[in-house]
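Here is how the chains run, residue by residue.
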Amino acid sequence: MKKEILYLIGFMGSGKTTIGKQLAVKEECDFVDLDDYIVQQNNMNIPQIFEQFGEEGFRSWESQALHQCSLQGKVIIATGGGIVENSENIDFMKENGKVVYLKASFETIYSRIKDDGNRPITKEGLSGLKKRYMNRVPLYEKADYIVSTEDKSLEEVISELHHTVMYK
Ligand code: S3P
């Protein structure tokens, strides 16, 4: 079953969930959104988890969820933007599947997420988010594939993933 898992990584707002869902339909495989999985397992939404357990608590659940969701075979997993903050998660994903970085500029991402109340990290504001983005880019770039979503339609990104990633 190894290498049948496709992990989508990238900053918040890079389209991991939307793209992953759509790609799973095309490839006729399962789809898991790691944030949704954590919310279901714990019966709390993401802001509540951050509030009660802090970012550290969330990160530990996130790593556990990554391991649990990687037990099934052919699946596309949309990860949370901070999954790369734990380097063990990067190693784990690369060992167990293909890792795709969905790349978008900070400007594009910021305009999409700045007012999103369901993403606690956005409270850090423009400078905090930019710092996180800059720190994470080299970690995202450890992916096996880098696919830019900038100025592309959803269909174009899906087609690119289908041709360049799924059949390699
Ligand atoms: C986070 C990204 C979120 C979610 C949590 C923390 C981050 O996922 O896991 O709010 O640190 O970048 P998305 O990338 O799906 O928004």
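Note that the coordinates shown come from a computational prediction; the quantities given were computed from them, not determined experimentally.

**Q** Outline the environment of Tyr140, listing residues and values.
**A** As for its position among the elements, Tyr140 is in helix α6 (residues 125–140). Here the alpha-carbon distance between Tyr140 and Ile19, two residues 121 residues apart in the chain, equals 17 Å. Apart from residues lying up to four places away in sequence, Tyr140 is in contact with Ile9, Gly10, Phe11, Gly81, Val84 and Tyr101. In terms of polar contacts, Tyr140 uses its side chain to reach the backbone amide nitrogen of Phe11, at 3.4 Å.

**Q** Before we move on, can you summarise the site of the ligand with the specific residues and values?
**A** Taken together, 14 residues lie around the ligand, and Lys16, Asp35, Arg59, Arg119 and Arg136 are the ones closest in. Arg119 places a polar side-chain atom, nitrogen or oxygen, 2.6 Å from an oxygen atom of the ligand. Arg136 has a polar side-chain atom sitting 2.7 Å from an oxygen atom of the ligand. Isolated, the ligand exposes 390 Å² of accessible area, and the fraction of that covered by the protein chains is 96%. If you map the ligand onto the pockets, it falls in the largest pocket.

**Q** Would you mind going over the sheet that holds strand β4 (residues 97–103) in detail, with residue names and values included?
**A** Strand order in this open sheet of five strands is β2-β3-β1-β4-β5, and the pairing throughout is parallel. If you trace the sheet from one side to the other, it starts and ends with β2 (30–33) and β5 (145–148), each paired once. Neighbour-to-neighbour, the strand axes of the sheet open up by a mean angle of 20°, direction not taken into account. In this structure, strand β1 (residues 5–9) lies alongside β4, joined through five bridges in parallel fashion. Pairing of Leu6 across the sheet is with Lys98, part of β4. The strands touched by helix α1 (residues 16–27) within the sheet are β1, β2, β3 (75–78) and β4, with β2 carrying the most contacts at an inclination of about 165°.

**Q** Requested: an account of the layout of surface pockets, with residues and values cited.
**A** Of the voids in this model, the largest pocket is the one considered here, and its volume is about 580 Å³. Contributing elements (two or more residues each) for the lining of the largest pocket: α1, α2 (34–42), α3 (46–69) and α5 (106–113). When residues of the lining of the largest pocket are assigned to their parent elements, the largest contribution, five residues, is made by α3.

**Q** An account of the pattern of salt bridges is requested, with residue identities and associated values reported.
**A** The final tally for this structure, using the stated rule, is 10 salt bridges. The residue Arg132 makes a salt bridge to Glu85 at a minimum N-O spacing of 3.2 Å. With Arg132 in helix α6 and Glu85 in the loop between β3 and α4 (87–96), this pair connects stretches of sequence that are 47 residues apart. For Asp115, the salt bridge goes to Lys114, with nearest N and O atoms at 3.7 Å. Owing to a relative accessible area of 69%, Asp115 belongs among the exposed residues under this scheme. Assessed through its relative accessible area of 38%, Lys114 is described here as partly exposed. Connected through shared salt-bridge partners, Glu55, Arg59, Glu62, Glu85, Glu124, Arg132 and Arg136 make up one network.

Each value, and the rule that gives it
Residues numbered from 1 in each chain as written. Predicted model: local features only at pLDDT ≥ 70, side-chain atom pairs only at ≥ 80, totals over all residues. Heavy atoms only, no water. Helix = DSSP H or I, 4+ residues; strand = E, 2+ residues; numbered from the N terminus. Contact = heavy atoms within 4.5 Å. Polar contact = N/O pair within 3.5 Å; in protein donor to acceptor, adjacent residues only side chain to side chain. Near = heavy atom within 4 Å. Areas by Shrake-Rupley, 256 points an atom, 1.4 Å probe, with all protein chains shown as cover. 1 Å grid on protein atoms, 1.4 Å probe; cavity = no way out; pocket = protein on both sides within 12 Å on 5 of 7 lines; lining within 4 Å. Sits in = over half its atoms within 2 Å of the grid points. Pairing = 2+ DSSP bridges. Axes fitted to C-alpha atoms, helices over the stretch in contact; angles between N-to-C directions. Points joined across faces, edges and corners; volume = space filled by probe spheres on them. Salt bridge = Lys/Arg side-chain N within 4 Å of Asp/Glu carboxyl O. Buried < 20%, exposed > 50% of the residue type's maximum accessible area, 1.4 Å probe, protein only.

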